[in-house]
Number of protein chains: 2
Amino acid sequence: MTVYQASATAPVNIATLKYWGKRDKTLNLPTNSSISVTLSQDDLRTLTTASCSADFEQDQLWLNGALESLSSERTQACLKDLRTLRKGVEHKDASLPKLSEYKLHIVSENNFPTAAGLASSAAGFAALVFSIAKLYQLPQDLSEISKIARKGSGSACRSLFGGYVAWEMGESPDGEDSKAVEVAPLEHWPNMKALILVVSDDKKDVPSTSGMQSTVATSDLFNHRINELVPQRFEEMKSAILKKDFPTFAELTMKDSNSFHAVCLDSFPPIFYLNDTSKKIIKLIHKINEIEGKTIVAYTYDAGPNAVLYYEAENEDKILSGLKPYFENIQGFKQPQTVTSFDFKSFIPEITGVSKIIATKIGEGPKETSISLINESGLPK
Amino acid sequence: MTVYQASATAPVNIATLKYWGKRDKTLNLPTNSSISVTLSQDDLRTLTTASCSADFEQDQLWLNGALESLSSERTQACLKDLRTLRKGVEHKDASLPKLSEYKLHIVSENNFPTAAGLASSAAGFAALVFSIAKLYQLPQDLSEISKIARKGSGSACRSLFGGYVAWEMGESPDGEDSKAVEVAPLEHWPNMKALILVVSDDKKDVPSTSGMQSTVATSDLFNHRINELVPQRFEEMKSAILKKDFPTFAELTMKDSNSFHAVCLDSFPPIFYLNDTSKKIIKLIHKINEIEGKTIVAYTYDAGPNAVLYYEAENEDKILSGLKPYFENIQGFKQPQTVTSFDFKSFIPEITGVSKIIATKIGEGPKETSISLINESGLPK
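Fair warning: this is a prediction, and the values are worked out from it, not measured in the lab.

**Q** Can you lay out the domain arrangement of chain A for me, pointing to particular residues and giving the numbers?
**A** Residue and element names in this part refer to chain A. Each domain of chain A was delimited in the assignment, giving domain 1 (4–189) and domain 2 (192–361). Put simply, the middle of domain 1 and the middle of domain 2, counted by C-alpha atoms, are 27 Å apart. Contacts between the two partners involve 35 residues from domain 1 and, on the opposite side, 47 residues from domain 2. Seen at the junction of domain 1 and domain 2, the total is two salt bridges. The residue Lys361 makes a salt bridge to Asp42 at a minimum N-O spacing of 3.6 Å. Summed over the shared surface of domain 1 and domain 2, the result is 14 residue pairs in polar contact (both at pLDDT 80 or more). Secondary-structure elements contributing two or more residues to the side of domain 1 that touches domain 2 are strand E2 (13–17), strand E5 (34–38), strand E10 (164–168) and strand E11 (179–184). Across the side of domain 1 that touches domain 2, the residue classes break down as 18 nonpolar, 10 polar and seven charged.

**Q** Break down the environment of B:Thr218 for me, with residues and values.
**A** All names here are of chain B. For Thr218, the position within the fold is in helix H4 (residues 208–218). Considering only alpha carbons, one finds Thr218 and Val263, 45 residues apart in sequence, at a separation of 9.5 Å. Reaching out from Thr218, the side chain makes a polar contact with the backbone oxygen of Ser214 at a distance of 2.7 Å.

**Q** Let's hear about the relation of the copies chain B and chain A: which residues, and what values?
**A** Between chain B and chain A, which share one sequence, the superposing operator has a rotation angle of 180 degrees and an axial displacement of 0.0 Å; the RMSD is 0.0 Å. The transformation relating the two chain copies, once decomposed into turn and shift, fits a two-fold axis. Closest approach to the rotation axis among the C-alpha atoms of chain B is made by B:Ala262, whose C-alpha sits 2.2 Å away. Interface overlap between copies is the fraction of interface residues in one copy that are interface residues in the other; for chain B against chain A it reaches 100%, indicating a shared surface.

**Q** Requested: an account of the interface of chain B and chain A, with residues and values cited.
**A** Bring the parts together and some accessible area is lost; that lost area is often taken as the interface size. Chain B puts 34 residues into the contact, and the matching count from chain A is 34 residues. For the pair chain B and chain A, the summed buried surface comes to about 2,800 Å²; carbon and sulfur atoms form 65% of the total. At the boundary of chain B with chain A, the tally comes to two salt bridges. Here B:Arg233 and A:Asp220 are joined by a salt bridge, their closest N and O atoms 2.8 Å apart. Where chain B touches chain A, the interface holds seven residue pairs in polar contact (both at pLDDT 80 or more). Those elements that place two or more of their residues in the side of chain B that touches chain A are helix H5 (222–242), helix H6 (246–265) and helix H7 (276–292) of chain B. No other element matches H6(B), which puts nine residues into the side of chain B that touches chain A. Considering only residue class, the side of chain B that touches chain A consists of 14 nonpolar, seven polar and 13 charged.

**Q** Mind laying out the side chain of A:Ser278, listing which residues take part and the relevant values?
**A** Residues and elements named next belong to chain A. In this structure, Ser278 sits in helix H7 (residues 276–292). Look at Ser278 and you get buried, because its relative accessible area is 0%. Residue contacts for Ser278: discarding those within four places in its chain leaves Tyr301 and Pro305.

**Q** Before we move on, could you go through the pairing of strand E7 (residues 60–63) of chain A and cite the residues and values that matter?
**A** Along any regular strand the residues' side chains alternate between the sheet's two faces. All names here are of chain A. Both E7 and strand E9 (residues 103–110) contribute to a ladder of four bridges, which runs parallel. Directly across from Trp62, in E9, lies its bridge partner Val107. Where E7 lies against strand E8 (residues 66–68), three bridges are found, and the strand directions are antiparallel. Each residue of the ladder has a partner; that of Trp62, found in E8, is Leu67.

**Q** For the nonpolar core, give the residues involved together with the corresponding values.
**A** Core analysis: the largest hydrophobic core is formed by 232 residues, its most contacted members being A:Ile281, A:Leu323, A:Phe327, B:Ile281, B:Leu323 and B:Phe327. When sequence neighbours within four positions are dropped, the list of residues in contact with B:Phe327 reads B:Leu197, B:Ile281, B:Leu284, B:Phe333, B:Ile351, B:Val354 and B:Ile357.

**Q** Break down the environment of A:Asn32 for me, with residues and values.
**A** All names here are of chain A. Tracing the backbone through its elements, the reader meets Asn32 in the loop between strand E4 (29–30) and E5. Judged by its relative accessible area of 1%, Asn32 falls in the buried class. With sequence-adjacent residues up to four places away left out, Asn32 is seen in contact with Lys18, Tyr19, Trp20, Met169, Ile226 and Val230. Of the polar contacts made by the side chain of Asn32, one reaches the backbone oxygen of Lys18; its length is 3.0 Å.

**Q** Break down helix H1 (residues 73–92) of chain B for me, with residues and values.
**A** Residue and element names in this part refer to chain B. Under the 1.5 Å per step criterion, the end-to-end length of H1 is 29 Å for 20 residues, consistent within 8% with the ideal 28 Å. Three or more residues of H1 are buried, namely Thr75, Cys78, Leu79, Asp81, Leu82, Arg83, Arg86, Val89 and Glu90. Residues of H1 that are buried sit in contact with strand E9 (103–110), helix H2 (120–135) and helix H3 (142–152).

**Q** For the packing of aromatic side chains, give the residues involved together with the corresponding values.
**A** Residue and element names in this part refer to chain B. For the coordinates displayed, the defined rule picks out 26 aromatic pairs over all chains. Ring centres 6.4 Å apart and planes at 80 degrees place the aromatic pair Trp189 and Phe246 in the edge-to-face group. Here Phe246 lies in helix H6 and Trp189 lies in the loop between strand E11 (179–184) and strand E12 (192–199), a separation of 57 residues in the sequence. The pair Trp189 / Phe246 is uniform in exposure class, with both members buried.

**Q** Quick rundown of helix H2 (residues 120–135) of chain A? Include the residues and the values.
**A** All names here are of chain A. With 16 residues, H2 should cover 22 Å at 1.5 Å per step; its first-to-last C-alpha distance of 22 Å lies within 8% of that length. With 13 of 16 residues buried, H2 is to be regarded as a mostly interior element. Following H2 by one or two positions, Gln137 has its phi on the positive side, about 50 degrees.

**Q** An account of the sheet that holds strand E15 (residues 354–361) of chain B is requested, with residue identities and associated values reported.
**A** Residue and element names in this part refer to chain B. Strands sit in the order E13-E14-E12-E15 across an open sheet of four strands; the sheet is antiparallel. Lying at the two open borders of the sheet, with one neighbouring strand each, are strand E13 (297–300) and E15. When strand polarity is set aside, the average angle formed by the axes of neighbouring strands in this sheet is 20 degrees. With six bridges joining them, E12 and strand E14 (residues 307–312) adopt antiparallel strand pairing.

Reading guide: rules and limits
Residue positions are given per chain, counting from 1 as you read along its sequence in written order. The naming scheme follows written order: chains are lettered A onward, ligands numbered 1 onward. In keeping with the predicted nature of the model, local features appear solely for residues at pLDDT of at least 70, side-chain atom pairs appear and are counted solely at 80 or more, and the whole-chain, interface and lining totals rest on all residues. Hydrogens are left out, water is left out, and the side-chain values use all remaining heavy atoms of the structure. Throughout the structure description, domain borders are defined by an automatic or database domain assignment. We call two residues contacting when some pair of their heavy atoms lies within 4.5 Å. A carboxyl oxygen of Asp or Glu within 4 Å of a side-chain nitrogen of Lys or Arg is what we treat as a salt bridge. Nitrogen and oxygen atoms within 3.5 Å of one another constitute a polar contact, given that in protein one can donate a hydrogen and the other can accept it, and given that sequence-neighbouring residues count only through two side-chain atoms. Numbering goes from the N terminus for both helices and strands, where a helix is a DSSP run of H or I of at least four residues and a strand is a run of E of at least two. Only Asp, Glu, Lys and Arg are considered charged, only Ala, Val, Leu, Ile, Met, Phe, Trp, Tyr, Cys and Pro nonpolar, and every remaining residue, Gly among them, polar. The copies are overlaid by a least-squares fit using only the C-alpha atoms of residues whose pLDDT is at least 70 in both copies. For any pair of parts, buried area is found by adding up, for both, the accessible area (1.4 Å probe) each one loses once the two are put together. Whether a residue is buried, partly exposed or exposed follows from its accessible area with a 1.4 Å probe, protein chains only, as a fraction of its type maximum: under 20%, in between, or over 50%, in that order. Being paired, for any two strands, means DSSP has found at least two bridges between them. By nonpolar core we mean a set of buried residues, namely Ala, Val, Leu, Ile, Met, Phe, Trp, Tyr and Cys, connected to one another through side-chain atoms within 4.5 Å. A helix is expected to span 1.5 Å for every residue after the first. Only centres within 6.5 Å qualify two rings of Phe, Tyr or Trp (six-membered ring in Trp) as a pair; their planes then separate them into stacked at under 30 degrees, edge-to-face at over 60, and tilted for everything else. Between the N-to-C directions of two axes lies an angle of 0 to 180 degrees, each axis being a line fitted to C-alpha atoms and, for a helix, fitted only over the stretch in contact.

In structure tokens, the structure reads:
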């Protein structure tokens, strides 16, 4: 049995300018451009092996050890596009094996708990699309490939790049100009760190796709956000990244997170992703910046209560000092070298509800790897 | 000793179209018009006796048994305006006593706990201004008097009327056209009931005056709300009241509450008045309406976590049935006649944090009363 295979890892990204709203649900075309920071794969990544063989009988996907359906319209759209591009390659060189006609076996694993609400679909679709692109030896560049990942999960397109990434919304109805591009590579501003405070939640509010649809359809503030506010913020944030202007980057990040949650609250019925724990963390972060006298840390929240904090490495100790009174006994908390003199507990007596902390940093884009998750029969190892 | 006195009661009002934002902080001139329902004084009212005498040595105020300062700029503005109007009366009829030159003793009592965050300042300033207007036998109509109450506390101007009340923002820089007017009297739509769910809170977020200032200065969504959304909603809500169209009135009420809290969240730093209890009540209300297949109850939230529910009397049993699984043991809860078949607890397992329930209804405006809180020496009884 000849089994062709390629393996790759892809990162999680956390938006600093939020994607919220689709202008085309099938193609995952957004109502606004967005920006994200790619996180280190040392801490959060999906590893995917894509294989194909004339002997495979059907497309199959194993995710974290369990057989998963590949039948979703979105996954099918990705596979179709990838096979079309492979056909183009085969058309140019008739000596190549007709991989586009073979069934695929895909095995995928995350190095972090999927359930924690950590944007696993972005890493997942990026790894899926990137590994198949490698298997098919596609010549397209990453922005081209990102358009395919976008059809799987909008924010997945941003996980095709490391560092600082923009998803340009584009204008075309077919989505051909809605793609990820690099704003700046990791090396440009490498000391960006991220701390994820995993917040336990009673029950997640509406899933992001239906939440977006509801906001687009019902929020009276939404159009103002996407038409008047985000376009300017998009340029300002790119500029802050290029200048490595942390205070501006951080303030834009916090404001955009708040703006996104505001239009969720303005939806009807209202959508709430922040809970009382999230809100206390927001107050704490503003207090840390206030005490410092400048903005040294930013919060951002996706469609859930988890906080992601961004800061520059040289300020880590100050930030950990502010978090220590609340989180020093939480799994993953790194003790600061110094202790703050400010009595945080007199300001916020306690913050319960944080279950885990993941300390990470800015990271690189997808990488091919020699680690394979598939055995010689084309099944999960 | 000759002591002149007049006593009056004034109601609380709860806005259905929110006042949030001042264009003039000294004059309490709002950035948008607002609408409220006046609540019954049987349940929530301030009783104030205003007295004056040539023998009094200074202006004094006793509030709920304690001597309070009258020195705030806002209270002084009210007293100054009232004395100016009294001077006009005295000027026209020289036989009248010169009450405008006498010091005032004012005694005021609420029939509800001030601390519960129940808009007590609206009832308080309305009773203060109305009782002094009666003491001074001012000929001005209630809209004129409402402009004076407005200087004490913006929303107090709406407590000068019963039933359905609008505060027209006006345009004039001196505030002469920023006044309360009746949209419809109590008798027009008398079956409007209100249920107040008092929600305990760790700590109130910023006071409303500084919150408003922050929103006006920092929210990127705020101008769109006041310029584009509220003016239209103001007309629609008045029209719904005149037509007694409860579903439209209720939907506008809920949307405007959400829009107000959205611009608070969009402020920087963000302002949060809704807590996790408030959010669960919002979800419960949407579920009650969904089960009924039409909108029979509305929620609204001021600058705090307390929910105020509006509904028509004929639907009370349905609403209480939906609330019963969570609140039947809370002080003030009235048992419904029937029990719902819907399993609410499978939808929301529990709602903790409600400490008290006040069942009330639409009510009348300020009234003179023969009950006096002052003895013959001009001191609190």
